[in-house]
Amino acid sequence: MENETAENDMRIHPQRAKQLAENIGNVYQRVEKVAGGRKVRLIAVSKLKPANDVLALHQEPQKQLDFGENYAQELTEKAGILPKSIRWHMIGALQTNKCKPLAEQVANLYCVSSVDTAKKADALEKGRAALAEKQELSSKLRVLVQVNTSGEAEKSGVEPGETAALCKHVREKCPHLQLAGLMTIGAIARSRESALADSVNEDFVALRETRDKVAKELGVAAEELELSMGMSSDFEAAIGQGSDEVRVGTTIFGERPAKKDAKVKEDVAEEKS
């Protein structure tokens, strides 16, 4: 009931809703143009944006299902006041100690895209197992193994050569998790280059090659492991190179506020229509 009350109290400014609808509509057109009939999942990255924006896109007529967050606490708070029909994606770096609470507290957590250690996978497994004891779950929690394709020291992700071992661990040791595929956040310079010209992004090539090797080692079809690559600046190039899922934020929601200024829920009661 608390969730319903919070949702009912959340006002959506018509002008803002119209702008968001136009923005995401344009992104879908761009996705479909490059995908050429191939199904590509669009995750609307609502990081540091109010839950009002998420609700505006989730409601009719948009009915956007997939939303991504970078911070576990922000995702948990938004999930607590928004409809359970939303499919939440944790796309940011996730500390091991936050894995279990997130998996246990957010029943409609659809996917964790940033698994790069066996410890994180095990913690997510424990959280989902604990939740399964409290309520019936319709499906396993999807996870993507994050691969550091650029070799940058500051980037999260498992090394390409160690990816198969982690994927095998998820499949064999984590019964409440589903290995859905691989994810990368490549080098910014390569991203910019691929967005400006018909050049090939080496990070996208590396992820695809890693996926093919992992699939062979696991004895599964490559198509069973999705590729999650591409963001606002390069999602069209990523789709052109085989991405099954893109993460788009600022192109839909606009520029983000500083983290200290972000609000989980915005009060628009005093705004003029």
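In this report, we go over the structure that sits alongside the text. (Residues numbered from 1 in each chain as written. Predicted model: local features only at pLDDT ≥ 70, side-chain atom pairs only at ≥ 80, totals over all residues. Heavy atoms only, no water.)

## Quick look at the side chain of His13
Which entries qualify depends on this criterion: Helix and strand assignments come from DSSP, with helices taken as H or I runs of at least 4 residues and strands as E runs of at least 2, each series counted from the N terminus. Within 3.5 Å is the distance limit for a polar contact, defined as a pair of N or O atoms, with the added protein rule that one can donate a hydrogen and the other accept it, and that residues adjacent in sequence qualify only through two side-chain atoms.
Mapped onto the fold, His13 is located in the loop between α1 (2–9) and α2 (14–35). A distance of 3.2 Å separates a polar atom in the side chain of His13 from the backbone nitrogen of Gln15.

## Some details on the nonpolar core
Definition in use: Among the buried residues, those of types Ala, Val, Leu, Ile, Met, Phe, Trp, Tyr and Cys that are joined through side-chain atoms within 4.5 Å form a nonpolar core. A 1.4 Å probe rolled over the protein chains alone gives each residue an accessible area, and that area as a share of the maximum for its type sets the label: buried under 20%, exposed over 50%, partly exposed in between. Any two residues whose heavy atoms approach within 4.5 Å at even a single point are treated as in contact.
With 65 residues, the main nonpolar core has Leu82, Trp88, Leu109, Val112, Leu124 and Ile252 as its most contacted residues. Discounting residues that sit within four places of it in the chain, Leu109 has contacts with Leu75, Trp88, Met90, Leu102, Ala103, Arg128 and Leu141.

## A few points about helix α3 (residues 51–58)
With eight of eight residues buried, α3 lies mostly within the body of the structure. Of the residues making up α3, those classed as buried are Ala51, Asn52, Asp53, Val54, Leu55, Ala56, Leu57 and His58.

## Side note on the pattern of salt bridges
Basically, it comes down to this: Salt bridges are defined by distance alone: a side-chain nitrogen of Lys or Arg within 4 Å of a carboxyl oxygen of Asp or Glu.
Applying the stated criterion to the full structure yields 16 salt bridges. Here Lys134 and Glu104 are joined by a salt bridge, their closest N and O atoms 2.6 Å apart. In this pair, Lys134 is assigned in helix α6 (residues 118–134) and Glu104 in helix α5 (residues 96–105), connecting sequence segments 30 residues apart. Two residues, Asp261 and Lys260, come together in a salt bridge whose shortest N-O distance is 3.4 Å. With relative accessibility at 73%, the residue Lys260 sits in the exposed group. Connected through salt bridges with shared partners, the residues Arg41, Arg142, Glu226 and Glu245 form a single ionic network.

## Structural notes on the packing of aromatic side chains
Our working rule: Planes of paired rings set the category: under 30 degrees apart is stacked, over 60 is edge-to-face and the rest tilted, where pairs are Phe, Tyr or Trp rings (Trp by its six-membered ring) whose centres lie within 6.5 Å. Over a ring means this: the NZ of a Lys or the CZ of an Arg is within 6 Å of the ring centre and within 35 degrees of the ring normal.
Summed over all chains, the structure comprises one aromatic pair. Look at Phe67 and Trp88: their rings are 6.2 Å apart centre to centre, the planes differ by 50°, and that puts the pair in the tilted class. Here Phe67, found in strand β2 (residues 66–69), pairs with Trp88, found in strand β3 (residues 87–90); they are 21 residues apart in sequence, far enough to count as distant. By relative accessible area, which is 0% here, Phe67 ends up buried. Against the face of Tyr110 rests Arg87, its NZ or CZ located 4.4 Å from the ring centre.

## Comments concerning the pairing of strand β5 (residues 141–146)
Operational definition: Paired strands are those between which DSSP finds at least two bridges.
For β5, the tally of buried residues reaches six of six residues, placing the bulk of the element in the interior. Where burial is concerned, the two faces of β5 agree: the one with Leu141, Val143 and Val145 and the one with Arg142, Leu144 and Gln146 are both buried. In this structure, β5 lies alongside strand β6 (residues 177–183), joined through six bridges in parallel fashion. Looking at the pairing, Val143 lines up with Leu179 of β6.

## Quick word on the pairing of strand β1 (residues 41–45)
The test is simple: Look down the strands so they point away from you; if the path from the first strand over the helix to the second goes clockwise, the crossover is right-handed.
With five of five residues buried, β1 lies mostly within the body of the structure. Burial along β1 is two-sided: Arg41, Ile43 and Val45 facing one way and Leu42 and Ala44 facing the other are all buried. With four bridges joining them, β1 and strand β8 (residues 245–248) adopt parallel strand pairing. The residue bridging Arg41 from the neighbouring strand is Glu245, located in β8. Taking the sense of rotation as the criterion, the β-α-β connection linking β1, α3 and β2 turns out right-handed.

## Some words on the side chain of Thr163
For Thr163, the position within the fold is in helix α7 (residues 163–173). Reaching out from Thr163, the side chain makes a polar contact with the backbone oxygen of Glu159 at a distance of 3.1 Å. Every residue in contact with Thr163, bar those within four places of it in the chain, is listed here: Val145, Val147, Val158, Leu182, Thr210 and Val214.

## Digging into the packing of α5 against α6
Filter applied, for reference: The axes are straight lines fitted to the C-alpha atoms, using for helices just the contacting stretch, and the angles between their N-to-C directions are given from 0 to 180°. The labels follow the angle: roughly parallel below 35 degrees, roughly antiparallel above 145, roughly perpendicular from 65 to 115, and oblique for the rest. Note on convention: near helix rotated counterclockwise from far helix by under a right angle means a left-handed crossing. Clockwise means right-handed. Three residue categories are used. Nonpolar comprises Ala, Val, Leu, Ile, Met, Phe, Trp, Tyr, Cys and Pro, charged comprises Asp, Glu, Lys and Arg, and polar comprises the others, including Gly.
At a minimum axis distance of 7 Å, the contact between α5 and α6 shows a crossing angle of 25°. In this view, α5 runs roughly parallel relative to α6, as classed from their interaxial angle. Seen from above, α5 lies across α6 with right-handed handedness. Judged by residue contacts, Thr96, Cys99, Lys100, Ala103 and Glu104 of α5 engage Lys119, Lys120, Ala123, Leu124, Lys126, Gly127, Arg128, Ala130, Leu131 and Lys134 from α6. Split by residue class, the contact of α5 with α6 holds six nonpolar, two polar and seven charged.

## Here we look at α6
The condition that has to hold: For a helix, the expected span equals 1.5 Å multiplied by the residue count minus one.
Across its 17 residues, α6 extends 25 Å between first and last C-alpha, which sits within 8% of the 24 Å expected from 1.5 Å per residue. Of the residues making up α6, those classed as buried are Lys120, Ala121, Ala123, Leu124, Glu125, Gly127, Arg128, Ala130 and Leu131. Where α6 is buried, its residues touch α5, β4 (109–115), β5, α7 and β6.

## Here's the deal with the environment of Pro50
Secondary-structure assignment places Pro50 in the loop between β1 and α3. In sequence terms Pro50 and Leu179 are 129 residues apart; their C-alpha atoms lie 30 Å from each other.

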